[in-house]
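For reference, the chains in residue letters:
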Amino acid sequence: MKFRIEKDTLGEVSVPSDKYWGAQTERSRSNFKIGSPASMPKEIIMGFAYLKKAAAYTNCDLNVLSIEKRDTIATVCDEILTGQLKEHFPLVIWQTGSGTQSNMNVNEVIANRAQVLNGLRIGEDEPLIKANDDVNKSQSSNDTFPTAMHIASYKMLIEVTIPAIEKLRDTLQNKSTQFKDVIKIGRTHLMDATPLTLGQEISGYVSQLNHGLKALKNTLPHLSEIALGGTAVGTGLNTPEGYDILVAKYISQFTGLSFKTAENKFEALAAHDAIVESHGALKQLAVSLNKIGNDIRMLASGPRSGIGEILIPENEPGSSIMPGKVNPTQSEALTMVCAQIMGNDVAITIGGMQGHYELNVFKPMMAFNFLQSAQLLGDACHSFDEHCAQGIEPNHKRIDELVNNSLMLVTALNTKIGYYKAAEIAQTAHKNGTTLKKEAIRLGYVTAEEFDAWVKPEDMI
């Protein structure tokens, strides 16, 4: 491998000749060999590309950057956004907590790529674009990294997470309507309870997802606020007047999403409450989805020796030793994702606590965990919807069998003969292994005609 010499304020560093990064990136690559190579999420790098392009346009409009430099920076940013330069971003999450080295990685790549695009030699010819003076103009790592975090997180929620949850919600709503007349036994404490319809049971899942979606969408306005323009500590030092508002407009234009400058730049740098808040809503949805996934796999359990009230798609063989076994794999995948999101929420909560004076220094870890949660939740909802929820059907024979066999239908007699006599009927039927009707008549509390008239599951829902 061939190397070239790059310089920074600490001196010279050898950098692979075929890479566009510079000295500060190489120092970070050497000093932080922690975790997988290039583990900084690609969404963060794309967030940087959007903001660097927006900054170049804003600086040009405010007469502190030439049109030629603006257009060159924008060209490289567009290449980054199309994935052409992904091999030039090698840094890991576990670096400086401000994300300074990833900011400089982007600055260096844009500057050096600009040299090549203009037919100049990196490290030999006079730089056409300078990493700090041009690409990073009117910026600090302290306001660029949180801006990249918000761009990446907002885009992920809008484009991946929310649409997938809404699609699963709609499928379950359709199933709720479709199964509104399928009467089944209810269960509390995992034990038989009074009847309800399968549609009513599923309507509870729909309501959970609606509440979770509302909570998540309510966090979006805070998440759409960007720190850019605060520079080092939130004061906006070294930015031209009007920069923060204009750069937010350009980011909105380039992303096609609505961003605005943060109401308070000191909060935007020193605290990441918006990330904590939004991820809290993701955790709430994970709690809901965990319940939904577990209910569906238990309702489908068996299919002959369990509950077996619903049928779910048989997607793949479930055992290497038991022929014909099929497992509720989509529920298992969904609930594992939920567990991961709950773990990520702990890390994000701790990260949110690490705002010391004017800067939070857990930014990369918080960004990684948030993006992983948002992506996983969206992907898992899409998979569960396509490969499980859409194929749910009632097992009518089994549902009727369990309803007719339930002792809790005796609840319908409470208002006719009283709680204690009704309880005696149920306990006697359970002890003798007989039916409610047989014991109610034998005990002399009701006639056959009265039992048939009063104990009707369809009247108990």
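Below you will find a few notes about this structure. (Residues numbered from 1 in each chain as written. Predicted model: local features only at pLDDT ≥ 70, side-chain atom pairs only at ≥ 80, totals over all residues. Heavy atoms only, no water.)

A word on the nonpolar core. Counting residues in hydrophobic clusters, the biggest one holds 101 residues, and the most contacted among them are Ile44 and Leu289. Top element by residues in this core is helix α6 (residues 141-178). It accounts for 13 residues. Within the second largest apolar cluster, 16 residues are counted, among which are Val410, Ala426, Ala440 and Val455. (Core = buried A, V, L, I, M, F, W, Y, C linked by side-chain atoms within 4.5 Å. Buried < 20%, exposed > 50% of the residue type's maximum accessible area, 1.4 Å probe, protein only. Helix = DSSP H or I, 4+ residues; strand = E, 2+ residues; numbered from the N terminus.)

Over its 21 residues, helix α7 (residues 198-218) extends 31 Å from the first C-alpha to the last, a length consistent with the 30 Å expected when each residue adds 1.5 Å. Buried within α7 we find Leu198, Gly199, Glu201, Ile202, Tyr205, Val206, Leu209, Gly212, Leu213 and Leu216. Projected onto a plane normal to the axis of α7, the buried residues spread over an arc of 165 degrees and lie on a single side. Every exposed residue of α7 that faces more than 90 degrees away from the buried side is listed here: His211, Lys214 and Asn218. (Expected span 1.5 Å × (residues − 1). Arc of directions from axis to C-beta.)

One pass over the structure, following the stated rule, counts 3 cavities of 30 Å³ or more. As for the largest cavity, its lining consists of 14 residues, of which His150, His222, Ala268, Ala271 and Ala274 are closest to the centre. Residue classes in the lining of the largest cavity are distributed as 7 nonpolar, 4 polar and 3 charged. Considering only enclosed or pocket space, the second largest cavity measures out at about 50 Å³ in volume. Lining of the second largest cavity is provided by Ile312, Pro313, Asn315, Asn327, Pro328, Thr329, Gln330, Ser331, His387 and Cys388. At 3 residues, the largest contribution of residues to the lining of the second largest cavity is made by helix α12 (residues 329-352). (1 Å grid on protein atoms, 1.4 Å probe; cavity = no way out; pocket = protein on both sides within 12 Å on 5 of 7 lines; lining within 4 Å. Points joined across faces, edges and corners; volume = space filled by probe spheres on them. Nonpolar A, V, L, I, M, F, W, Y, C, P; charged D, E, K, R; others polar.)

Let us now look at unusual backbone geometry. The omega torsion of the bond from Gly302 to Pro303 falls at 5 degrees, within 30 degrees of zero and hence cis. Residue Asn63 is not a glycine yet carries a positive backbone phi of 65 degrees. Summarising the element assignment, Asn63 is placed in the loop between α2 (42-61) and α3 (67-81). In this structure, Asn238 is a non-glycine residue whose phi angle is positive, near 75 degrees. Along the chain, Asn238 falls in the loop between β5 (225-226) and α9 (243-255). Looking at Asn238, the relative accessible area reads 67%, which means it is exposed.

Moving on, we get to the layout of surface pockets. Size it by volume and the largest pocket reaches roughly 510 Å³. Those elements giving two or more residues to the lining of the largest pocket turn out to be β1 (3-8), α1 (23-31), α4 (100-117) and α5 (131-135). With 5 residues, the single largest contributor to the lining of the largest pocket is α4. A per-class count over the lining of the largest pocket returns 8 nonpolar, 6 polar and 8 charged. Looking at the second largest pocket, its volume works out to about 360 Å³. What lines the second largest pocket is a set of 15 residues, among which Ala300, Gly302, Pro303, Glu314 and Val326 lie closest to the centre. Of the residues contributing to the lining of the second largest pocket, the split by class is 8 nonpolar, 4 polar and 3 charged.

Before going further, it helps to spend a moment on the pairing of strand β3 (residues 183-188). With 5 bridges joining them, β3 and strand β4 (residues 191-197) adopt antiparallel strand pairing. Bridging across to β4, Ile185 finds its partner in Pro195. (Pairing = 2+ DSSP bridges.)

Here we take up the side chain of Glu225. Mapped onto the elements of the fold, Glu225 is located in strand β5. Buried charge without a salt bridge: Glu225, with Lys260 as the nearest opposite-charge side chain at an N-O distance of 4.6 Å. At 3.5 Å, the side chain of Glu225 and the backbone nitrogen of Glu263 are in polar contact. Residue contacts for Glu225: discarding those within four places in its chain leaves His150, Lys260, Ala262 and Glu263. (Lys, Arg positive; Asp, Glu negative; His and termini not counted. Salt bridge = Lys/Arg side-chain N within 4 Å of Asp/Glu carboxyl O. Polar contact = N/O pair within 3.5 Å; in protein donor to acceptor, adjacent residues only side chain to side chain. Contact = heavy atoms within 4.5 Å.)

A contiguous nonpolar surface patch, about 420 Å² in accessible area, is contributed by Val346, Ile350, Met353, Val361 and Phe362. You can see Ile350 is positioned in helix α12. (Patch = residues over 30% accessible without salt bridge, like charges linked within 9 Å, V, L, I, M, F, W, Y side chains within 5 Å. Areas by Shrake-Rupley, 256 points an atom, 1.4 Å probe, with all protein chains shown as cover.)

Further remarks concern the pattern of salt bridges. Under the counting rule described, the total for this entry stands at 26 salt bridges. Residue Lys7 is joined to Glu12 by a salt bridge in which the shortest nitrogen-to-oxygen separation is 4.0 Å. Relative accessible area serves as the criterion here: at 56%, Glu12 is assigned to the exposed category. The partner of Asp345 in a salt bridge is Lys283, with the nearest N and O atoms 3.7 Å apart. A residue pair is termed long-range when its members are at least 10 positions apart, and Asp345 in helix α12 and Lys283 in helix α11 (residues 273-299) qualify at 62 residues. Overlapping salt bridges, with partners in common, bring together Lys184, Arg187, Glu201 and Glu309 in one network.

On to the packing of α2 against α3, then. It is the contact of α2 with α3, at a shortest axis distance of 9 Å, that shows an interaxial angle of 165 degrees. Classified by the interaxial angle, the pair formed by α2 and α3 is roughly antiparallel. Crossing geometry of α2 relative to α3 is assigned as left-handed. Between α2 and α3, the contacting residues are Ile45, Met46, Ala49, Tyr50, Lys52, Lys53, Ala56, Tyr57 and Cys60 on the first element and Ile67, Arg70, Asp71, Ile73, Ala74, Cys77, Asp78, Ile80 and Leu81 on the second. In the contact of α2 with α3, the residues fall into 13 nonpolar, no polar and 5 charged. (Axes fitted to C-alpha atoms, helices over the stretch in contact; angles between N-to-C directions. Parallel < 35°, antiparallel > 145°, perpendicular 65-115°, else oblique. Left-handed = near helix turned anticlockwise from the far one by under 90°.)

Centre distance and the angle of the planes are the two values used to describe a pair of aromatic rings. All chains considered together, the criterion is met by 6 aromatic pairs. Geometrically, the ring pair formed by Tyr57 and Phe254 is edge-to-face, given 5.3 Å between the ring centres and 70 degrees between the ring planes. Residue Tyr57 is found in helix α2, and its partner Phe254 is found in helix α9; the two are separated by 197 residues along the sequence. Ring geometry for Tyr250 versus Phe254: centroids 5.7 Å apart, planes at 25 degrees, classification stacked. Here the residue Tyr250 and the residue Phe254 both occupy positions in helix α9, the gap between them amounting to 4 residues, near one helical turn. (Phe/Tyr/Trp six-rings, centres within 6.5 Å; stacked < 30°, edge-to-face > 60°.)

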